Amino acid sequence: MKETAILGGGCFWCTEGVFKALQGVHSVVPGYCGGHVEHPTYEQVCGKQTGHIEVVKVEFDPSVISYRDLLEVFFLTHDPTTPDRQGADQGPQYASAIFCQNDEQRRQAFEVIEEIKSQFDAPIVTHVLDSSTFWEAEAYHHDYFARNPEQAYCQMVIAPKLKTFYQRFQDLLVKS
């Protein structure tokens, strides 16, 4: 049985690499969610007028990895305290957001936020939102880091984030 989580933690190139490395994750697809434009393009979303957030759609097996585990990884691999920003990436498309697929996901999201908020120096500003239409990103965004490891953004932003993630969550990683 598969479940779906839709999470926005800044640039989807970063979040895709994180979630793909987890046991029990069947697929991770970058896309856009939460806005008012149908079939948005990357350029439109970056134009900051669509209301969409860059997200990843994570299909996972809850008998292998729990939604709670996904949320803990989510919160500890991006900065949930900066509104509409992750590092140098700024704009509403980089908001921290959870698109809850059901009431149980909503309950767990608020529970995890309450449990981890003391680990941060500023309030958590992650949006906990209702499910919304997921629009898959253009093909060139899929597996971006894996296909472009030498690109400057990948070297300066994604690679260090993944290194920290691999060290912190060794017990949840896919075994090679």
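All figures in this text were calculated on a predicted structure; none of them were measured in a lab.

Caption draft 1: Seen up close, the overall build of the protein. The helix and strand inventory of the protein stands at six helices and eight strands. Each helix and strand of the protein, placed in order from N terminus to C terminus, yields the pattern β-α-β-α-β-α-β-β-β-α-β-β-α-α. With respect to the three principal axes, the spread of C-alpha positions in the protein is 40 × 35 × 35 Å. Burial statistics for the protein: of 176 residues in total, 48% are counted as buried. By sequence separation, contacts in the protein at least 24 residues apart represent 75% of the contacts at least 6 residues apart. Accessible area for the protein stands at about 8700 Å²; split by element, carbon and sulfur atoms hold 51% of it. Across the protein, the 14 positively charged side chains and the 24 negatively charged ones have centroids separated by 4 Å.

Caption draft 2: Looking closely at the environment of Thr133. Structurally, Thr133 is set in the loop between β7 (127-130) and β8 (134-136). Residue Thr133 is classed as partly exposed on the basis of its relative accessible area of 44%. Considered as a pair, Thr133 and Glu104 are 29 residues apart in the sequence and their alpha carbons are 19 Å apart. Setting aside chain neighbours within four positions, we find Thr133 in contact with Tyr32, Cys33 and Gly34.

Caption draft 3: Expanded view of the packing of helix α3 (residues 67-76) against helix α4 (residues 103-116). Packing of α3 against α4 brings their axes to within 10 Å, and their N-to-C directions diverge by 45°. As far as their axial angle goes, α4 and α3 are oblique. Between α3 and α4 lies a crossing whose hand is right-handed. Each of Tyr67, Arg68, Leu71, Glu72 and Phe75 in α3 lies in contact with α4, whose residues at this interface are Gln105, Gln108, Ala109, Glu111, Val112, Ile113, Glu115 and Ile116.

Caption draft 4: Molecular detail of the packing of helix α1 (residues 12-20) against helix α6 (residues 152-168). Across the interface, α1 lies against α6 with an axial gap of 10 Å and an inter-helix angle of 30°. Classified by the angle their axes make, α1 and α6 are roughly parallel. You can see that α1 and α6 cross each other, and the crossing is right-handed. In contact with Trp13, Cys14, Gly17 and Val18 of α1, α6 contributes Tyr153, Val157, Ile158, Lys161, Leu162 and Phe165. Split by residue class, the contact of α1 with α6 holds eight nonpolar, one polar and one charged.

Caption draft 5: A look at the pattern of salt bridges. Applying the stated criterion across every chain, the model contains nine salt bridges. For Lys57, the salt bridge is made with Glu59, and the minimal N-O distance between the two is 4.0 Å. Lys57 sits in the partly exposed class, given a relative accessible area of 26%. With a relative accessible area of 17%, Glu59 lands in the buried category. Among the salt bridges present, the one from Arg107 reaches Glu111, with a minimum N-O distance of 2.5 Å. Taken together, the residues Arg107 and Glu111, both in helix α4 and four residues apart, mark about one turn of the helix. Since its relative accessible area comes to 40%, Arg107 is described here as partly exposed.

Caption draft 6: The arrangement of the packing of aromatic side chains in detail. Inspection of the entire model under this criterion finds eight aromatic pairs. When the ring of Phe165 is compared with that of Tyr166, the centres are 5.5 Å apart and the planes differ by 50°; the resulting orientation is tilted. Phe165 gets classed as buried once you look at its relative accessible area, which sits at 1%. Among the aromatic side chains, those forming a connected cluster through ring pairs are Phe12, Tyr32 and Tyr42.

Calculation notes
Along each chain, residue indices are assigned from 1 in the same order as the chain's sequence is written. Side-chain atom pairs in this predicted model are given and counted only at pLDDT of 80 or more, local residue features only at pLDDT of at least 70, and totals for whole chains, interfaces and linings cover all residues. Here the side-chain values reflect all heavy atoms present in the structure, with hydrogen atoms and water set aside. To qualify as a helix, a DSSP run of H or I must reach at least 4 residues; to qualify as a strand, a run of E must reach at least 2; elements of each kind are numbered from the N terminus. Exposure categories follow from relative accessible area, calculated using a 1.4 Å probe and restricted to protein chains: below 20% of the type maximum is buried, above 50% is exposed, and the middle band is partly exposed. Note on definitions: a residue-residue contact is assigned when non-hydrogen atoms from the two residues lie within 4.5 Å. A 1.4 Å probe and the Shrake-Rupley method give the accessible areas. Residues count as covered only by the protein chains that appear here. Charge assignment: positive for Lys and Arg, negative for Asp and Glu; neither His nor the chain ends contribute. To locate a charge, the coordinates of NZ of Lys, CZ of Arg, CG of Asp or CD of Glu are taken. Axis lines are fitted through C-alpha atoms, for helices just across the contact stretch, and the angle between N-to-C directions can take any value from 0 to 180 degrees. Any angle that falls under 35 degrees is termed roughly parallel, while one over 145 is termed roughly antiparallel, one within 65 to 115 roughly perpendicular, and all others oblique. Rotating anticlockwise by less than a right angle from the far helix to the near helix defines a left-handed crossing, while the corresponding clockwise rotation defines a right-handed one. Residues are grouped as follows: Ala, Val, Leu, Ile, Met, Phe, Trp, Tyr, Cys and Pro are nonpolar; Asp, Glu, Lys and Arg are charged; every other residue, Gly included, is polar. Salt bridges are counted wherever a side-chain nitrogen of Lys or Arg sits within 4 Å of a carboxyl oxygen of Asp or Glu. We call Phe, Tyr and Trp rings a pair once their centres come within 6.5 Å, taking the six-membered ring for Trp, and we label the pair stacked below 30 degrees between planes, edge-to-face above 60, and tilted otherwise.

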